[in-house]
Amino acid sequence: GEIRDQVIAFGAGKLVVSAVFAEGGQAMEQGVTFEVRKPGEAGQDAVWLDTKYDTKSVFSLPSGTYTVRVLLGLAMAEQQVDVKAGQQTVITINAKAGYIAASAAGATSYVVNEGQEGLDGKHKWITTTYDPKLNIAANEGSYQVQAFNGDNLIGEKVIDVKAGQRTSVTLP
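About the cut-offs
- Residues numbered from 1 in each chain as written.
- Predicted model: local features only at pLDDT ≥ 70, side-chain atom pairs only at ≥ 80, totals over all residues.
- Heavy atoms only, no water.
- Salt bridge = Lys/Arg side-chain N within 4 Å of Asp/Glu carboxyl O.
- Helix = DSSP H or I, 4+ residues; strand = E, 2+ residues; numbered from the N terminus.
- Polar contact = N/O pair within 3.5 Å; in protein donor to acceptor, adjacent residues only side chain to side chain.
- Contact = heavy atoms within 4.5 Å.
- Buried < 20%, exposed > 50% of the residue type's maximum accessible area, 1.4 Å probe, protein only.
- Pairing = 2+ DSSP bridges.
- Core = buried A, V, L, I, M, F, W, Y, C linked by side-chain atoms within 4.5 Å.
- Phe/Tyr/Trp six-rings, centres within 6.5 Å; stacked < 30°, edge-to-face > 60°.
- Axes fitted to C-alpha atoms, helices over the stretch in contact; angles between N-to-C directions.

Asks: Which residues make up the pattern of salt bridges, and what are the values?
Replies: Counting across every chain of the model gives 4 salt bridges. Across the pair D50 and K52 runs a salt bridge, and its minimum N-O distance is 3.7 Å. With its nearest N and O atoms 2.5 Å apart, the salt bridge here joins E78 to R69. A network of salt bridges, in which partner residues are shared, links E35, R37, R69 and E78.

Given below as structure tokens:
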């Protein structure tokens, strides 16, 4: 009947993740998602491991190299990180994102497309929302915003989203 205490090392560490819209800018908070993935073997996709939804998410992981993905609205950014056994690794991902805000009298939906036309002369569809106003995070870049009332196009405009900024447009 002798009792012994033993310390067992599992080779795990903590990863603390947060994100900002732009370098030194506002934190991504409400609605943010963090995913951790293990890089895939040569020529294969990364393997999903865990998802958290806290502004500052904490993951317990075996030591190794991981890809961390932040998602908010249409915005997505990734960063590779090394987790060391017995240590806490803290990273802040710069999502290089801003917000698209649009309004139009009588609008029942909005369509967001890529800003640049494809070879076929059309803008590639990204998403559709069914709200009276559009308010969605997006990576910096060019987007075409269309406002509809039912099936009728109210107006459209190509806008540029800049990291850490809100781009507002009233249609038509």
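There's plenty left to go through after this.
Asks: So what's going on with the side chain of Q144? Residues and values would help.
Replies: Within the element layout of this structure, Q144 appears in strand β12 (residues 141-149). A distance of 2.7 Å separates the side chain of Q144 from the side chain of N113, its partner in a polar contact. At 3.5 Å, the side chain of Q144 forms a polar contact with the side chain of H123. Beyond its immediate sequence surroundings of up to four residues, Q144 is in contact with V111, V112, N113, E114, G115, H123, E156, K157 and V158.

Asks: Provide a residue-level description of the pairing of strand β8 (residues 97-104), including the pertinent values.
Replies: Counting buried positions over the 8 residues of β8 gives 6, a clear majority of the element. Bridging between β8 and strand β11 (residues 133-139) involves 7 bridges; their strand directions are antiparallel. The residue bridging A97 from the neighbouring strand is N139, located in β11. Alignment of β8 against strand β14 (residues 166-171), held across 6 bridges, turns out to be parallel. Its bridge partner lying in β14, A102 is registered against V169.

Asks: Break down the nonpolar core for me, with residues and values.
Replies: With 23 residues, the main nonpolar core has L15, V17, M28, V68, V70 and I93 as its most contacted residues. Elements with a contribution of two residues or more to this core: β1 (12-20), β2 (33-38), β4 (57-62), β5 (64-72), β6 (75-83) and β7 (88-94). Setting aside anything within four residues of it in sequence, one finds V68 in contact with L15, V17, E35, V36, A77, E78, Q79, V81, I91 and I93.

Asks: Explain unusual backbone geometry residue by residue, including any values.
Replies: Of note, the amide linkage connecting L171 to P172 takes the cis form, showing an omega dihedral of 5°. Relative to the assigned elements, P172 resides in the segment after β14. If you check the backbone angles, K96 has positive phi at about 50° while not being a glycine. The residue K96 is located in the loop between β7 and β8 in this model. Judged by relative accessible area, which is 46%, K96 ranks as partly exposed.

Asks: Provide a residue-level description of the packing of aromatic side chains, including the pertinent values.
Replies: Taken as a whole and assessed by the stated rule, the structure comprises 1 aromatic pair. Residues F21 and Y99 carry aromatic rings whose centres are separated by 5.7 Å and whose planes lie at 50° to one another, so their mutual orientation is tilted. Of this pair, F21 sits in the loop between β1 and β2 while Y99 is found in strand β8, placing the two residues 78 residues apart along the sequence. Accessibility expressed as a relative area gives 22% for Y99, which makes it partly exposed.

Asks: I'd like to hear about the sheet that holds β5, residue by residue, with values.
Replies: Reading across the sheet, the 4 strands line up as β3-β2-β5-β6 and stay open at both edges, with antiparallel pairing between neighbours. Sheet topology places β3 (47-52) and β6 at the edges, where each strand pairs with a single neighbour. With strand direction ignored, the average angle separating the axes of adjacent strands in the sheet is 25°. Two elements, β2 and β3, share 5 bridges in a ladder whose sense is antiparallel.

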